[in-house]
Amino acid sequence: AAAHRELFTAQEKEQLKAAERIELVAVALTDQGTADASGIATTATARLTSLGYRVVVDPTEPHDVTVKVKCEEHKVWEGTVTSGGDADQLDPASRLWKGPACQITYRIPQHGTDWRHEVRTGPGKNPTGIEAISQLTRRLADDPFPILLAGAWGQSPRLMKVLEAPGTSQSQKIFIISLLGNMFAVEAIPILSRTLQEKDPAVARSAALALGAIGHEDCIPLLKEVLKQESPDLRRAAIKGLGRLAPLYPSSDIVPTLLAQLSHEPLDIQTEIVRALGKTTDRRILEPLRVLNRSVQEKARSDSSPELKELKQALGQSLDQFDGTHSDE
């Protein structure tokens, strides 16, 4: 409890949720000393403005939060965060990377935060001096740090607006959808349900996974409807989502729905269904999975395909969670 302390009070969280005016502090450092950071400031301002934020550079002007972008020719390791862990963050600061990097942090007037995002030039790219700063500036131009900030501040409406904007790329849509799922953004369920109808299969799949991650009961009928789709990849994503929801809502009809779907699917999707069922403690899955397991064991004597081996392994894992039910086989 002491290691994972609460970073913000409820009032401070509400302040971040409503944050609109950002004070931007840009710093550029080379081995020779301070460099011109105007390019970094211009690029970061443009990126933040694209999400609807108002950016100020004068600290005396009213602002809700301060964002600092510090870009260095050789990054200085600042240690691990004091709350949570580096592994809890997307693109955390690397302990091993000593080349050019930008550290992006934020603070509200009361105190700072452990949130940190690092932008690097990439392996094998070690420019020096002003060129290092120039390359980092170009990396900031397409890095998703404004989206990550909006996610960290709980501003799901801002993210949903970007998601539906005409110019949003496929990769940005997938990133935002995944972030909404990780935020448990119940308010995003309507827009994600529409995204399930996207012509881009990758975007539709990410929406199905996000609905499962949100974990709300309203997501169940939406994912069940996806099981009727022709696309195997989309059905697989819906099954994964239902697998996350099944243990949360044991009285729902998820388990009967997946059991009914089991015999109609190819081996790879059967494997996904078995894994989803294995996350529940519903004993109704036992007899159907035992029957399937006996059939798979019989086929495995003459069929050594990777798909069948994977299904066999998934069946073993799902059945073994029930004491004594798998020992006879």
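Residues numbered from 1 in each chain as written. Predicted model: local features only at pLDDT ≥ 70, side-chain atom pairs only at ≥ 80, totals over all residues. Heavy atoms only, no water.

Turning next to unusual backbone geometry. Residues apart from glycine generally show negative phi values, whereas peptide bonds are mostly found in trans. For phenylalanine 184, which is not glycine, the phi dihedral falls at a positive 55 degrees. With respect to the helices and strands, the residue phenylalanine 184 is situated in the loop between helix H6 (170-182) and helix H7 (189-195). Under the relative-accessibility criterion, phenylalanine 184 is labelled exposed at 53%. (Helix = DSSP H or I, 4+ residues; strand = E, 2+ residues; numbered from the N terminus. Buried < 20%, exposed > 50% of the residue type's maximum accessible area, 1.4 Å probe, protein only.)

Structurally, the position occupied by proline 201 is in helix H8 (residues 201-214). Spatially, the C-alpha atom of proline 201 lies 7.2 Å from that of leucine 234, the residues being 33 residues apart in sequence.

In this structure the tally under the stated criterion is three aromatic pairs. Measuring from ring centre to ring centre gives 5.7 Å for tyrosine 106 and tryptophan 115, while their planes differ by 50 degrees; the resulting arrangement is tilted. With relative accessibility at 5%, the residue tyrosine 106 sits in the buried group. For tryptophan 115, a relative accessible area of 15% gives the class buried. Geometrically, the ring pair formed by tyrosine 106 and tryptophan 153 is edge-to-face, given 5.4 Å between the ring centres and 85 degrees between the ring planes. Taken together, the positions of tyrosine 106 in strand S5 (residues 101-107) and tryptophan 153 in the loop between helix H4 (145-152) and helix H5 (156-164) put the pair 47 residues apart, joining distant regions of the chain. Looking at arginine 158, its charged tip hangs above the ring of tyrosine 53, at a distance of 4.0 Å from the centre. (Phe/Tyr/Trp six-rings, centres within 6.5 Å; stacked < 30°, edge-to-face > 60°. Lys NZ or Arg CZ within 6 Å of the ring centre and 35° of its normal.)

This part covers the state of the cysteines. This model, assessed by the stated rule, comprises one disulfide. Covalent S-S linkage joins cysteine 71 and cysteine 102, the inter-sulfur distance amounting to 2.0 Å. Here the S-S torsion is close to 105 degrees, and the disulfide linking cysteine 71 with cysteine 102 is therefore right-handed. Here cysteine 102 lies in strand S5 and cysteine 71 lies in strand S4 (residues 65-72), a separation of 31 residues in the sequence. Cysteine 102 gets classed as buried once you look at its relative accessible area, which sits at 0%. (Disulfide = S-S within 2.5 Å.)

The subject of this paragraph is the nonpolar core. Nonpolar side chains in soluble globular proteins tend to be buried together. Counting residues in each nonpolar core, the largest one holds 88 residues, and the members touching the most others are Val67, Val69, Tyr106, Leu140, Trp153 and Leu192. Considering each element in turn, this core owes the most residues, seven residues, to H8. Setting aside residues no more than four positions away along its own chain, valine 67 makes contact with Ile22, Glu23, Leu24, Val25, Ile104, Thr105, Tyr106, Leu149 and Trp153. (Core = buried A, V, L, I, M, F, W, Y, C linked by side-chain atoms within 4.5 Å. Contact = heavy atoms within 4.5 Å.)

Now for helix H12 (residues 267-277). In terms of residue burial, H12 counts as a mostly covered element, since eight of its eleven residues are buried. Buried within H12 we find Ile269, Gln270, Thr271, Glu272, Ile273, Val274, Ala276 and Leu277. Where H12 is buried, its residues touch helix H10 (232-245), helix H11 (254-262), helix H13 (286-300) and helix H14 (306-320).

On a regular strand, one side chain projects to one face of the sheet and the next to the other, so that they alternate. A large share of S5 lies buried, amounting to five of its seven residues. Looking at chain direction, S4 and S5 are connected through seven bridges and run antiparallel. Bridge pairing links lysine 70 to glutamine 103 in S5. Here four bridges tie S5 to strand S6 (residues 117-120), and the two strands are oriented antiparallel to one another. Residue pairing in the sheet places alanine 101 in a bridge with arginine 120 of S6. (Pairing = 2+ DSSP bridges.)

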